[in-house]
Structure formats: C-alpha cells, structure tokens
Amino acid sequence: MIPPLSALQGAARRIRSRILHVAHHAPSDGVHISPALSMVDILTALYGAVMRYDPATITDHQRDLFILSKGHAALGLYATLCEFGIITSEQLNTFELNGSVLQVHPTKHPEYGIDFSGGSLAQGLSFATGRALGRRLKGEPWHTYVLVGDGECNEGAIWECAFMAAHHRVDNLTLIVDRNGLQSDGFTQDVMRMDLEALWRACNWETRVCDGHDIDALQRALAVPHKGRPKVIIADTIKGKGVSFMENNKEFHRNRLSAQQLSDAQAEIGGGTSC
C-alpha cells in the first residue's frame, strides 16, 4: 500500500534531518551536504511509493533497482536507506569512519542496498542501461531507476548512452535528472548552458519535467507510460533544499556544519533523527 502524501513528506523531513546530523559528526573536513538535500524528495518518492522491493531481502535479484550516478551525494542515499529500513541508524552513523561501508562515494554492497560504486560522474547511466537491457532480454518484470545531476549532464558519456538506450528501446529504464542549477564550479547555466528538455527529446526519450520537491508530482511523472522507449524526468530542485542558508549557496556543495549551524538547520527542517 502506498503511504499517504503526509507520511512521505514526513519521511523526507526525517531524511534531511539525518543528513544534517550525520554530516555534522563526520570525521572529514567537509561533506557534500547540499547535493544530498536537493534529491531527498526524489528518493522519498522512489523508495517510499514507487519501487518494488523488500527491505528484509534487499539482496534478492527479484526487485526494482536504484542506481545513484551523482555519487558525491551518497549521504542522501544512505539516509534514505535508513529511513526505509534497509540499513540501521547505527550503520548510518558510521559514515566516513575507518572501515565503514558508507564512505564519501558509494561502494557496491548489495547487503546495504547499494548496487553501484559511484564517484566518477556519468558512469551510472551506462551501468543502469546495461542492467535494464539485460533484464528485458531475460523477460524479467523489474524496473531500473537511475539519478544523475544536471551538472553531470555536461559529460559526453551521458549522451552516448542516451542514444544507445533509445536505439534499443530500453523501456524498463527511468532516468531522473536532479536539476538543481548549481555545481561545484558555479551555476550550471554559466558553466555550460544546456536545454535539457530539447536534448532528451532529440535523443528520443519519453521526457517529462516536474517540481522535484513535490512528491505527488514526482509520483505522477514516474507513473507516465514509457511508450516503448526509455523515460527521463527532469526534476527541478533547489540545491540545499530545506535549509535557508544552504539553498543555492555554492559554499555548501562540500562543507562542514558548526554546532550552531546544525541547530539552526534542524530547527528549519523540523524532522527527527531516529531510524
């Protein structure tokens, strides 16, 4: 049963709260906080309402698959896995510790619900396309979802794979572009201006645009039929969403949080940190 919208919105608040808490306690000199915050509602819609999986048997091949291509935002994925019962709060709190599975970029550990080792941008779409095509050739009913950033779409490998997936009509593949408009070097339109809607349509993908912070709109976009081809959802988001001093602030692409900043941010989020 799909949870009511209010329950999903509550889950998104808790995920953001966990991101902030874990980022503050991480042992490194900085954490990719705002890229994680921008994709929270997308992950909430996927894990909370759309994807078919059982947290108790997450290594089972018979399930939908999620691939995080923008691997620097891994903390957002880890917090989501905690929210939906795939990993524990104790495991989440090992983020970036020596020997932990949960490092700055995701490393493949299926028992933790992590099916792809990310970090090098633009690789996740190719991996996801291969998995989806393989499943279709085997007649399996499962779907593959992959998330990339809009800055990541500057990479040529994205477009090579886009044409290949369309040519093979990989209609059990859905790509979500987290279009938050800001990358490590500045605003995306200043780094490389791209008309993403026109480009994906030119690649012959079923193309939709929606508010990436509207969970109901995301669910509707994810439900749109593929019409015999791969689908892309361009989700308009805000980098650092939910924390006013982080929103559209390049300084929090990777940064530390002071105790006061954590307190202020948690007050804005209004979530809880228990899994």
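Chains are numbered independently. Their residues run from 1 in the order of the written sequence. Local features in this predicted model are restricted to residues of pLDDT 70 or higher, and side-chain atom pairs are both shown and tallied only at a pLDDT of 80 or more, whereas totals for entire chains, interfaces and linings draw on every residue. Values reported for side chains reflect all heavy atoms of the structure, with hydrogen atoms and water molecules removed beforehand.

(A) Here's a closer look at the overall build of the protein chain. Looking only at helices and strands, one finds 11 helices and seven strands in the protein chain. The size measure is the radius of gyration over C-alpha atoms, and the globule rule it meets is 2.2 Å times the number of residues to the 0.38 power. In terms of overall size, the protein chain behaves like a compact globule, its C-alpha atoms giving a radius of gyration of 17 Å where 275 residues would be expected to give roughly 19 Å. Dimensions of the protein chain, computed from the C-alpha atoms along their principal axes, are close to 50 × 45 × 35 Å. Burial classes follow relative accessibility: with a 1.4 Å probe on protein chains only, a residue under 20% of its type's maximum area counts as buried, one over 50% as exposed, and anything between as partly exposed. Buried residues in the protein chain amount to 55% of all 275 residues. Sequence-distant contacts, at least 24 apart, represent 76% of the contacts inside the protein chain between residues at least 6 apart. In the form shown here, the protein chain has an accessible surface area of approximately 11,100 Å², with 50% of it arising from carbon and sulfur atoms. Only runs of H or I of at least four residues qualify as helices and only runs of E of at least two qualify as strands under DSSP, and these elements are numbered from the N terminus. By definition in these notes, contact holds between two residues if any of their heavy atoms fall within 4.5 Å. For every accessible area listed, the method is Shrake-Rupley and the probe measures 1.4 Å; residues are considered covered only by the protein chains on display.

(B) The arrangement of the nonpolar core in detail. In this text, buried Ala, Val, Leu, Ile, Met, Phe, Trp, Tyr and Cys residues form a nonpolar core when linked through side-chain atoms within 4.5 Å. Counting residues in hydrophobic clusters, the biggest one holds 61 residues, and the most contacted among them are I19, L20, I33, L46, Y47, F66 and L75. Contact partners of I19, with chain neighbours within four places excluded, come to I33, A36, L37, V40, L75, G76 and A79. Counting 27 residues, the second-largest nonpolar core is a separate cluster that includes A128, A132, W159 and W205.

(C) Seen up close, the environment of A128. Among the secondary structure elements, A128 is positioned in helix α6 (residues 124–137). In sequence terms A128 and L68 are 60 residues apart; their C-alpha atoms lie 9.4 Å from each other. Contacts of A128, omitting those with residues within four sequence positions, involve I67, T144, V146 and L173.

(D) Representation of the packing of helix α1 (residues 5–25) against helix α4 (residues 74–83) in the model. Between N-to-C directions, angles cover 0 to 180 degrees, with each direction set by a line fitted to C-alpha atoms, over the stretch in contact for helices. Where α1 contacts α4, the two axes come as close as 9 Å, and the packing angle between them is 125°. Classified by the angle between their axes, α1 and α4 sit oblique to one another. Relative to α4, the crossing made by α1 is right-handed. In contact with A11, R14, I15, R18, I19, V22 and A23 of α1, α4 contributes L75, G76, A79, T80, C82 and E83. For classification, angles of less than 35 degrees are called roughly parallel, those exceeding 145 degrees roughly antiparallel, those between 65 and 115 degrees roughly perpendicular, and all remaining angles oblique. What makes a crossing left-handed is the near helix being turned counterclockwise from the far one by less than a right angle; a clockwise turn instead makes it right-handed.

(E) Highlighting the environment of G186. Structurally, G186 can be placed in strand β5 (residues 186–187). Judged by relative accessible area, which is 10%, G186 ranks as buried. The spatial distance from the C-alpha of G186 to the C-alpha of N204 is 30 Å, given a sequence separation of 18 residues. Ignoring sequence-local partners within four residues, the contact set of G186 consists of V191 and K250.

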